[in-house]
Amino acid sequence: MTDDLKSIIESLLFVSETPLTVNQLKTVLDDHDSADIKAALETLISEYQERNGGFVIREVAGGYQFRTCSRHSPWIRRLLKPSASRLSRAAMETLAIVAYHQPIIRTDIEHIRGVDSGGVLRLLMDRKLVRVLGRKEIPGRPLIYATTRHFLEVFELRDLKDLPTLNEIESLGPAEMEAVSDEVENSSEPDVLAEAPSETEQDEKD
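No experiment lies behind these values; they were computed from the predicted model shown. Within each chain, residues carry numbers counting from 1 in the order of the written sequence. Note on the predicted model: pLDDT of at least 70 is required for a residue's local features to be given, and 80 or more for side-chain atom pairs to be given and counted; whole-chain, interface and lining totals, by contrast, use all residues. Only hydrogens and water are set aside; all other atoms, that is, all heavy atoms of the structure, feed into the side-chain values.

Caption draft 1: Quick peek at the overall build of the chain. Under the scheme used here, helices are H or I runs from DSSP no shorter than 4 residues and strands are E runs no shorter than 2 residues, and both carry numbers assigned from the N terminus. Along the chain, the regular secondary structure elements total 11 helices and five strands. By residue count, 37% of the 206 residues in the chain fall in the buried class. Taking all contacts inside the chain whose residues are at least 6 apart in sequence as the whole, residues at least 24 apart take part in 58%. The accessible surface values rely on the Shrake-Rupley method and a 1.4 Å probe; as for residues, cover is taken only from the protein chains in view. Total accessible area on the chain is roughly 12300 Å²; 51% of this is exposed by carbon and sulfur atoms. Partly exposed residues are those whose accessible area sits between 20% and 50% of the maximum for their type, while under 20% is buried and over 50% is exposed, using a 1.4 Å probe and protein chains only. Contacts: residue pairs with any heavy atoms within 4.5 Å of one another.

Caption draft 2: Region of interest: the pattern of salt bridges. Counted as salt bridges are all cases of a side-chain nitrogen of Lys or Arg within 4 Å of a carboxyl oxygen of Asp or Glu. Under the defined criterion, the tally for this structure stands at eight salt bridges. Several salt bridges share partner residues, and in doing so they unite R58, R67 and E156 into one network.

Caption draft 3: Focus on the side chain of E153. Mapped onto the elements, E153 comes out in helix α8 (residues 149–154). R149 provides the closest opposite charge to the buried, salt-bridge-free E153, at an N-O distance of 4.2 Å. Aside from chain neighbours lying at most four places away, what touches E153 is T18, P19, A61, Q65 and R67. The charged-residue count follows a simple rule in which Lys and Arg add positive charge and Asp and Glu add negative charge, with His and chain termini not counted at all.

Caption draft 4: How the structure looks around the packing of aromatic side chains. Two rings from Phe, Tyr or Trp (for Trp, the six-membered ring) form a pair when their centres sit within 6.5 Å of each other. Planes less than 30 degrees apart are called stacked, planes more than 60 degrees apart edge-to-face, and all others tilted. Under the criterion given, the structure shown has five aromatic pairs. Ring centres of Y48 and F55 lie 5.8 Å apart, and the angle between their planes is 40°; this geometry places the pair in the tilted category. Judged by centre distance (5.0 Å) and plane angle (50°), the rings of F151 and F155 are tilted. Overall, the relative accessible area of 22% leaves F155 in the partly exposed class. A connected cluster of aromatic rings, assembled from ring pairs, spans F14, Y48, F55 and F66. Lying over the aromatic face of F55, R51 brings its terminal NZ or CZ to 5.4 Å of the ring centre. In this scheme, Lys NZ or Arg CZ marks a charge over a ring once it lies within 6 Å of the ring centre and within 35 degrees of the ring normal.

Caption draft 5: Summary view of the environment of A90. Looking at the secondary structure, you find A90 in helix α5 (residues 89–101). By relative accessible area, A90 is classed as partly exposed at 26%. In the structure, A90 is positioned 23 residues away from R113 in sequence and 8.9 Å away in space, judged by C-alpha atoms. Excluding residues that lie within four positions of it along the chain, A90 makes contacts with R113 and V120.

Caption draft 6: Structural context of the sheet that holds strand β4 (residues 130–135). By definition, two strands form a pair when at least two bridges between them are found by DSSP. A sheet is described by the order of its strands in space; here three strands give the open sequence β3-β5-β4, paired in antiparallel fashion. Of all strands in the sheet, those bounded by a partner on one side alone are β3 (104–105) and β4. Here β3 pairs with strand β5 (residues 143–147) via two bridges, running antiparallel. Looking at β5, one finds that I105 is bridged to I144.

Caption draft 7: View of the nonpolar core. For our purposes a nonpolar core is just a set of buried Ala, Val, Leu, Ile, Met, Phe, Trp, Tyr and Cys residues, chained together by side-chain atoms within 4.5 Å. Ranked by size, the top nonpolar core spans 23 residues in total, and within it L124, L129, V130 and F151 carry the most contacts. Counting residues per element, the ones that place at least two in this core are α5, α7 (118–126), β5 and α8. For this core, the leading source of residues is α5, giving six residues. The contacts of L124, once residues within four sequence positions are left out, are L87, A91, T94, L95, L129 and V130. Core analysis: the second largest hydrophobic core is formed by 16 residues, L13, V22, L29 and Y64 among them.

In structure tokens, the structure reads:
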């Protein structure tokens, strides 16, 4: 591994708006093998951790990405002034159900929550945290829901295996839960979000 390779990867991560996988980096760096690229990434991760500065490189959503340090969130919010509102408790609850039970249909979500969840699901789809996988082959062919890659990015997860256990979630205090909500708020993209179709509207399109 050369310092030049490391600096090139650093530049690619800096300009990318989404996490880059090793395979994506390899398509650009076709004269380097995956082992060299992984070694360079590991070195960069260590260097940024030791620097203890304003941002780091993390492995999220199956790739690698620059991320700001969570301790600086209050100042980042002052600069960006995010317009999106925080997720409600109902939205966080629904998102957790989808994350831990996916793939899942709306009636199963509502059976667990005990209330109608159509509006909350549309909100989560607007935030690009939940997506439609398809339809379940049962009477009525209901939509099947799952989390998105953006969900992994927001919660800094490499993949769904990194989800905390239910016991770990229950142990979170109010301040930690607020920090999670802040992550969602700061990551929202209200200028490119489209209204997600309801199941009735989806039926009409089909």
